[in-house]
Each structure stands twice: as C-alpha cells, then as structure tokens.
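Take a look at the letters that make up each chain.
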Amino acid sequence: MSAERIPLARPVIGAREEELVLEVLRSGMLSLGPKLGEFERGFASRVGVEPELVSAVSSGTAALHLAVREQGWGTGDRVVTTPLSFVASSNCLLFEGAEPVFCDVDPATLTLDPAAVESMLDERIDGLLPVHIFGFPAAIAELERIAAAHGLGLVEDCAQALGTVDAEGREAGSRGNPSAFAFYANKQMATGEGGMLISGSAEAADVARSERNQGRAPGMKFMDHERLGFNYRITDLQAALGIAQLERLDDMLAARAAIASRYSERFTAIGATEPGAGDPDDLVLPLADRGVERRSWFVYVLRLPKSVDRDGVIAELDRRGIDARPYLPCIHLLDLYRERGWREGQFPIAEDFSRRSLALPFYPALPEDSQERVVRELTDILGR
Ligand SMILES: Cc1ncc(COP(=O)(O)O)c(C=O)c1O
C-alpha cells in the first residue's frame, strides 16, 4: 500500500512548546520550579475555578487516586461507577481498598444513567464516580442531587473532558466536586504524561499537594514528611508543555469539533443516524452537542451495525493503512474484574456499545484528504 499510514491520534506540538521547554532546560529547575504554579494558575483560569483548588500531578490516574483519597473512600466502601470507561476510573477505587459497583449507561450519552444509579441505592453505597466519557458531559446535576439526597460523595473523572460543558452550562471540573483531568499524548491537551486535580476545598488541595510530594507540607524541610504521600509530581518540562498547550487549546478544540462534524456529515450520507434518531442496531453516530450540553471532542467513535464483524473491519482498515481501534472494552469484563465476580450480560447497553465501537483517526491536524480517505475506505468495507 503506497498511501501514507493514517494514525489514530497525534498531538499538536509547535514552536511555543519548544520555546517553553527549552526555557526550563536552561533554567536548571526541572521540577517544583516556577512553571508548575504557572501551569496550575493557567488551568484554573481556563476551567473557571480558584487557583488554590488546583494541583498538577504526574498523570490522570494520580489525580483520580488523590480525588478518591479526598473523599476518604477506603476499605469496605462501595462506589457506583461506569463500566464503559478507561480502567483507571475504576482501579483508583481498588488502590484504596474501595469497591467499584458498576451500573449501566444511557444509550445516547454513554455516561452513567441516573435512573439506573438511583435504582441501586438500596445497596450499601458510599459514593458516585461518573466519567464524562469521550468528552460528553455526564448527567452531573442529577447525579449531584442523588448524591446529596443519599449523603454520598462524588468524584468526577474529567480525563477526557477538558472543555466539556454540562446541561447547566458549567465547565467540567468547575462544580466543586473533586475532579481529575489527564494529559496523555492523545488528549485534548498533551504534556506527554500528566494530570490535574481540582479539589473540593482549599484545605483538601493543601493535603493533595502534600500527598503528591511524599507527604511534605509547604515550607517543610526536605526530609520532613507529615503524612503518607506518593511521588505524583509533574516535572516543569511537562508543566511548560501544558502552558503552551493551554494557549492553543481553543484552536485545538475547534479543529477537533470541525473534524467530528465532517465525519458525521459524511456518515449521515451513508445512512448513519444520531443515537435515538434511527435504527439503534444500524450505523450510529456519536451524539453531537445537545442543547446547552457541549461535547469536547476527544475521540470519534462510531457504533457499527450489529450485523457487522467489527474486528474484521479494523483488520481491513489496518490493511488499507488506517489505524482504528475498538474503544472501549468494558471494565467489568477485564480479567481483573471478572476475578471479582463481574460477568457478561450485566450491563447490556455498555456491552453492546463496546462490542460495536470503532474509534477512527482523530486529531486536530488530521488533513482533510486523509479524513476523506478514512470515510471512503470505511464506506467501501461496509459495502454502503
Ligand atoms: C476516562 C479516563 N480516566 C482516567 C485516565 C487515566 O489518565 P492517565 O493515563 O493520564 O493516567 C484516562 C486516560 O486515558 C481516561 O481516559
């Protein structure tokens, strides 16, 4: 095949990133330097929260772990969460000895279904951990109402949701719930590895900043440690990347939205429909913005027709030089979770999506002709 391979994802890295990273290299302050605070303040301002609530950490998983600790969830605690997510959103509970209790998702938004959550609350439940999966906002106001009525803590997994706006017009991460973001290379903004925790209070953020730094308090001598901590520090090199990425975030989000919209237009032309608008067993598009709710496009994932061999389609796209992936496998069906008693058939909506999901090449600089090639090849493979 002579045509160039089309990758699934690729970060946007330019002169500004190089400039700021070089600045750090030349300063000699590679960690806990001035870029750390600058990145945290910039992120706080972007999401619309007070800067003292924000702690940059080494990964999204680290941010989730500290959020779980902020809620005090530990051994014997049971937290309702979604099986349709990346494994870290559930593993972060296991780190502390808490138990994820899975619950099915809404077929359109693919986020936790509040009615299903409510119907589970006769079990002994201590908290809720919704995920704004693929950048579409979870029904967060309803989940907050449920949490308040039942005295539950709530953590938001915003790893895929930088720039997402919920049904009340609020930015993901700005509602006062401990919230975790992630900056792996395929995310809306990338620092290579990295994450951000937005804590629910300034006191909790002080604890988180101590926990990310081996349990040291600010101003403590180098070898003093006042609590159990971790090494969840992010380097100033990554923070420098983060500062540069924040400057171009709006442009990158707009480019992602434009590419998503072009994909959806093309697939509509071959009979795909939005969730709830057509045959749910045929080719289904990802939900676009809905009223006030705004998706921050992280990935572009189709539901293939039920009758189609999804893995065969991926293999054929691969043969034609196009990267595509099943995205995501259900967490409860991974071996680690099967060993804890979870089984096929428990969450039909999440499982159906997962079996049929196809993530296509999707990143801000995806050239239009490459995108048209993806559409052409997939159309041909599906025989439409
Ligand atoms: C929903 C979700 N939660 C958590 C994470 C973990 O983030 P990280 O890979 O930065 O640890 C990811 C990363 O892909 C994610 O997609």
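Residues numbered from 1 in each chain as written. Predicted model: local features only at pLDDT ≥ 70, side-chain atom pairs only at ≥ 80, totals over all residues.

1. A few points about the environment of Gly163
Mapped onto the secondary structure, Gly163 falls in the loop between strand 6 (156-157) and strand 7 (179-182). On the neighbour-count criterion, Gly163 (25 C-beta atoms within 10 Å) is buried. Ignoring anything within four residues of it in the chain, the contact list for Gly163 reads Gln188, Leu253 and Ser296. (Helix = DSSP H or I, 4+ residues; strand = E, 2+ residues; numbered from the N terminus. Buried ≥ 20, exposed ≤ 12 C-beta atoms within 10 Å, placed from the backbone. Contact = placed C-beta atoms within 7 Å.)

2. A few points about the domain arrangement of the chain
In many reports, interface size means the accessible area that the parts give up when they come together. Each domain of the chain was delimited in the assignment, giving domain 1 (15-247) and domain 2 (249-382). Across the contact, 32 residues belong to domain 1 and 29 residues belong to domain 2. (Domains from an automatic or database assignment.)

3. A look at helix 4 (residues 88-95)
Every buried residue of helix 4 is listed here: Ala88, Ser89, Ser90, Cys92 and Leu93. Next to the buried residues of helix 4 lie helix 3 (60-71), strand 2 (78-81), strand 3 (99-102), strand 4 (127-129) and strand 6. Count one or two residues on from helix 4 and you reach Gly97, which has phi positive near 80 degrees.

4. Section: the sheet that holds strand 1 (residues 54-57)
Sheets are built from strands paired through backbone hydrogen bonds, the pairs being either parallel or antiparallel. The strand order across the open sheet formed by 4 strands is 1-8-7-6, and the pairing between neighbours is mixed. Each having just a single partner strand, strand 1 and strand 6 make up the two edges of the open sheet. In terms of strand pairing, strand 1 meets strand 8 (residues 195-198) through 4 bridges, oriented antiparallel. From the neighbouring strand, Val57 faces strand 8, where its bridge partner is Gly195. (Pairing = 2+ DSSP bridges.)

5. Quick look at the packing of helix 10 (residues 310-319) against helix 13 (residues 368-382)
The N-to-C vectors of helix 10 and helix 13 enclose an angle of 135 degrees; their axes lie 10 Å apart at closest approach. Relative to helix 13, the element helix 10 lies oblique. Along this stretch, helix 10 crosses helix 13, giving a crossing that reads as right-handed. Packed against helix 10, whose contacting residues are Val313, Glu316 and Leu317, the element helix 13 presents Glu377, Leu378 and Ile381 at the interface. Tallied by class, the residues present in the contact of helix 10 with helix 13 amount to 4 nonpolar, no polar and 2 charged. (Axes fitted to C-alpha atoms, helices over the stretch in contact; angles between N-to-C directions. Parallel < 35°, antiparallel > 145°, perpendicular 65-115°, else oblique. Left-handed = near helix turned anticlockwise from the far one by under 90°. Nonpolar A, V, L, I, M, F, W, Y, C, P; charged D, E, K, R; others polar.)

6. Some thoughts on helix 9 (residues 249-269)
Counted at 1.5 Å a residue, the expected span for helix 9 with its 21 residues is 30 Å, and the 30 Å between its end C-alpha atoms agrees. Those residues of helix 9 not exposed but buried are Leu249, Met252, Leu253, Arg256, Ile259, Ala260, Tyr263 and Phe267. End-on view of helix 9: buried residues confined to an arc of 130 degrees, all on one side of the axis. For helix 9, the exposed residues set more than 90 degrees away from the buried face come down to Asp250, Asp251, Glu265 and Ala269. Next to the buried residues of helix 9 lie helix 2 (34-47), helix 8 (236-247), strand 9 (300-303), strand 10 (357-360) and helix 13. (Expected span 1.5 Å × (residues − 1). Arc of directions from axis to C-beta.)

7. Focus on the sheet that holds strand 3
As summarised here, the arrangement of the 4 strands in space is 3-2-4-5, forming an open sheet in which the pairing is parallel. Every other strand in the sheet has two partners, leaving strand 3 and strand 5 (153-154) as the edge strands with one partner each. Note that strand 2 and strand 4 share 3 bridges and pair parallel. Directly across from Val80, in strand 4, lies its bridge partner Leu128.

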